[in-house]
Amino acid sequence: MRRRNIFDKIAAVVRGTEKRFTEKPCLFTALYRLLIVSALFFCNGRMVFGEAKNVDEKLPQAVLSSSVEMHSNLKFMNIGLKDSIVYALKNNFDIEISRLDTKARGHDIAIEKSVFDPTLEITGGIDNRKIPINSVLVSGETTTEITPFVSEGKTGNAVLRSLIPTGATLSLEYNLFREFVDPQAFTLLTPTYENYIEAKITQPLLKGAGWFYNRSPIYIARNNKKISIAQFKSTAIEVSNAVQEAYWNFVKAIEDLKVAKKSLERAEDLLRKNKIEVESGTLAPIEIIEAESGVASRVEAIISAENTIRDKEDELKRIMNLADSEIISDVEIVPVDKPTFEPKEVPLKETIKIAMEKRPELKELQIEVENAGMEVRRKKNELFPQLDLTGGVRYSGLGGTPDGAHDSTFSEDFQGEFITLTLEIPIGNRAARNDYKKAKLGKEQSALNVKKKELDIVVEVRGSVREVMTNIERVMATRKARELAQKRLEVEEKKYSVGRSTSLEILRAQEDLATAEGNETKALTDYEISRGSLEAAKGTILDAYNIQVEEDIT
């Protein structure tokens, strides 16, 4: 008889025995159909539950603006604040580390889904024996000579097994056994081929049962990826805030150099005028010495300001990861954005509300509370005793050849059904009970961490709002002081022109004006920094600079 494919035979048995099984108890009918159909699905590689999708994972990305202007010979680079932030987000080491962690968390989801992947186990064995016979019935001879009993066995076994989200384990097993014996006093066939095919389901009813218990590790893994993305956003906010602070400090250093140069020009102009008047005899020579001293001190201020510029530029390069490149580490950064002063009232309550909605650290802790709640539910399930229901069907066959055994197996003449209920009760169950209590404490800790972070955010936002309002007042005050210092210098210059003032007074007025100009510049840049810090405290600094972060949870 021509051998048919085993899975075609299974389908044929399902169709051929449908009528017969309608006369059986409905439990065996349901079990039979469920197991056979599930086995067919497994063999075709179409696992429905827990299927992992092949999705191209998108990690958080920042889109780089095209407004960065780099000189053709790589001598300088014109760049604005937003582009500096974007450049840092694309090249900063902390950002890259956080990005890789997010990618790794995505693989954790697939790992948790893999518990529902079917497994195929194939075993084969040979068992040959030769033992002395001590029975006339076995040997078939009346002689007293001891003869050997030869037994040769070969076994092949294949089991297809899979877990489904209800906690049940489905299995389909096929076994073929060949035996040869000599002598064969009580054996009808030699060699003998025995085989069976068995479909079985084992469903936990208490411990380990339920869709949630078996799928919750996937939910936790997905939440962990959300946590990773929240951490990525936190890192992006920190880097963005560091960039804007470094950028404005760099701008301030450049403005301080401009103030120092302007002060030097005033001192040099005074020295030039004094030399003319001394030569004409209208001014004492001592006035030249005082003017030269003023020029020297301002040259020193310029040298110090230039060194500060290099320090602040290197700090900005470090955050942007420019300093590590042999090609562009010596490129001179030219900031194109200048500090502006547009004072606006900052509503405290609304700002706090926005921060509670946008801060990724708070979202991260809230997700951890959700994970802790799922862990409590899992540990509560593990307090139950193990109660498993096992049921299935088996077809057996026997023949002198493999084809004969196969045909016998699928002839429906040797069919059996079985059902088993197993109860396992742990005495004391201390491990499970303490794991449950520990999980509850973990959930309480997570909830407290959320409240603590909310309080920290409120304090941080209140401080940032005060800093903005304080800097608004500082800008207005320093602007007024600079205007008064300018008027005082003009007055001293008029008095000096008519001989009612000295070079020393002029130099003092010039120094006061330079200090006032420096204070105004510092107040303006501090105001810009405080605005950025406020956006960071609100969790909206990326939105403020229109930088989008893409995310995809699979």
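Look above for the structure.
Fair warning: this is a prediction, and the values are worked out from it, not measured in the lab.

### Considering helix 7 (residues 211–280)
Consideration 1: With 70 residues, helix 7 ought to run about 104 Å at 1.5 Å a step, and its terminal C-alpha atoms sit 103 Å apart, in line with that.
Consideration 2: Phi for G281, located one or two positions after helix 7, is positive at around 85 degrees.

### Overview of the packing of aromatic side chains
Consideration 1: With the rule as written, the count across this model stands at three aromatic pairs.
Consideration 2: Plain terms: the ring middles of F212 and Y219 are 6.4 Å apart, the flat faces sit at 40 degrees to each other, and that makes the pair tilted.
Consideration 3: Ring centres of Y247 and W248 lie 5.5 Å apart, and the angle between their planes is 90 degrees; this geometry places the pair in the edge-to-face category. Residues Y247 and W248 agree in their burial class; the two are buried.
Consideration 4: In this arrangement the basic side chain of R378 is found over the ring face of Y213, its NZ or CZ atom lying 4.4 Å from the centre.
Consideration 5: Its end group placed over the ring of Y196, R394 keeps NZ or CZ at 3.9 Å from the ring centre.

### What about the pattern of salt bridges?
Consideration 1: Evaluated as defined, the whole model comprises 26 salt bridges.
Consideration 2: Note that R318 is salt-bridged to E315, the shortest N-O span being 2.8 Å. Here E315 and R318 lie together in helix 8 (residues 286–320), a separation of three residues that amounts to about one turn.
Consideration 3: Within this structure, R488, E505, R508 and D512 form a network of salt bridges that share partners.

### Focus: the side chain of E492
Consideration 1: Counting through the fold element by element, E492 comes out in helix 12 (residues 430–497).
Consideration 2: Residue E492 is classed as buried on the basis of its relative accessible area, which comes to 8%.
Consideration 3: Not counting chain neighbours up to four residues away, the residues in contact with E492 comprise S501, E505, I506 and A509.

### Comments concerning helix 5 (residues 93–113)
Consideration 1: For helix 5, with 21 residues, the first-to-last C-alpha span of 31 Å sits near the 30 Å given by 1.5 Å per residue.
Consideration 2: Those residues of helix 5 not exposed but buried are I95, S98, R99, T102, G106, I109 and K113. In a view along the axis of helix 5, the buried residues occupy a sector of 105 degrees, so they form one face of it. Of the exposed residues in helix 5, the ones pointing more than 90 degrees away from its buried face are F93 and I97.
Consideration 3: In the core, the buried residues of helix 5 are packed alongside helix 4 (81–91) and helix 7.
Consideration 4: The N-capping residue of helix 5, defined by a side-chain oxygen 2.8 Å from the backbone nitrogen of D94, is N92.

### Here's the deal with the sheet that holds strand 9 (residues 415–424)
Consideration 1: The six strands are arranged 3-4-5-6-8-9 in an open sheet whose pairing can be described as antiparallel. The two strands at the open ends of the sheet, each matched to only one other strand, are strand 3 (119–132) and strand 9. Averaged over all neighbouring strand pairs, the angle between strand axes comes to 15 degrees, with direction disregarded.
Consideration 2: Bridge count between strand 3 and strand 4 (residues 148–163): 14 bridges; the pairing is antiparallel. When the bridges of strand 4 are listed, T119 appears paired with R161.
Consideration 3: Against the sheet, helix 11 (residues 402–409) touches strand 5 (169–182), strand 6 (192–204) and strand 8 (386–399), its axis set at about 130 degrees to strand 8.

### Quick look at unusual backbone geometry
Consideration 1: Looking along the chain, the bond that leaves T190 and enters P191 is cis, with omega of 0 degrees.
Consideration 2: With respect to the helices and strands, P191 occurs in the loop between strand 5 and strand 6.
Consideration 3: At N429, a residue that is not glycine, the phi angle is positive and equals roughly 55 degrees.
Consideration 4: With respect to the helices and strands, N429 occurs in the loop between strand 9 and helix 12.
Consideration 5: Accessibility expressed as a relative area gives 18% for N429, which makes it buried.
Consideration 6: Of note, the phi angle at N546 is positive, near 55 degrees, even though the residue is not glycine.
Consideration 7: Tracing the backbone through its elements, the reader meets N546 in the segment after helix 14 (541–544).

Rules of the game
- Residues numbered from 1 in each chain as written.
- Predicted model: local features only at pLDDT ≥ 70, side-chain atom pairs only at ≥ 80, totals over all residues.
- Heavy atoms only, no water.
- Helix = DSSP H or I, 4+ residues; strand = E, 2+ residues; numbered from the N terminus.
- Expected span 1.5 Å × (residues − 1).
- Phe/Tyr/Trp six-rings, centres within 6.5 Å; stacked < 30°, edge-to-face > 60°.
- Buried < 20%, exposed > 50% of the residue type's maximum accessible area, 1.4 Å probe, protein only.
- Lys NZ or Arg CZ within 6 Å of the ring centre and 35° of its normal.
- Salt bridge = Lys/Arg side-chain N within 4 Å of Asp/Glu carboxyl O.
- Contact = heavy atoms within 4.5 Å.
- Arc of directions from axis to C-beta.
- Polar contact = N/O pair within 3.5 Å; in protein donor to acceptor, adjacent residues only side chain to side chain.
- Pairing = 2+ DSSP bridges.
- Axes fitted to C-alpha atoms, helices over the stretch in contact; angles between N-to-C directions.

All we've got here are geometric facts, nothing functional implied.
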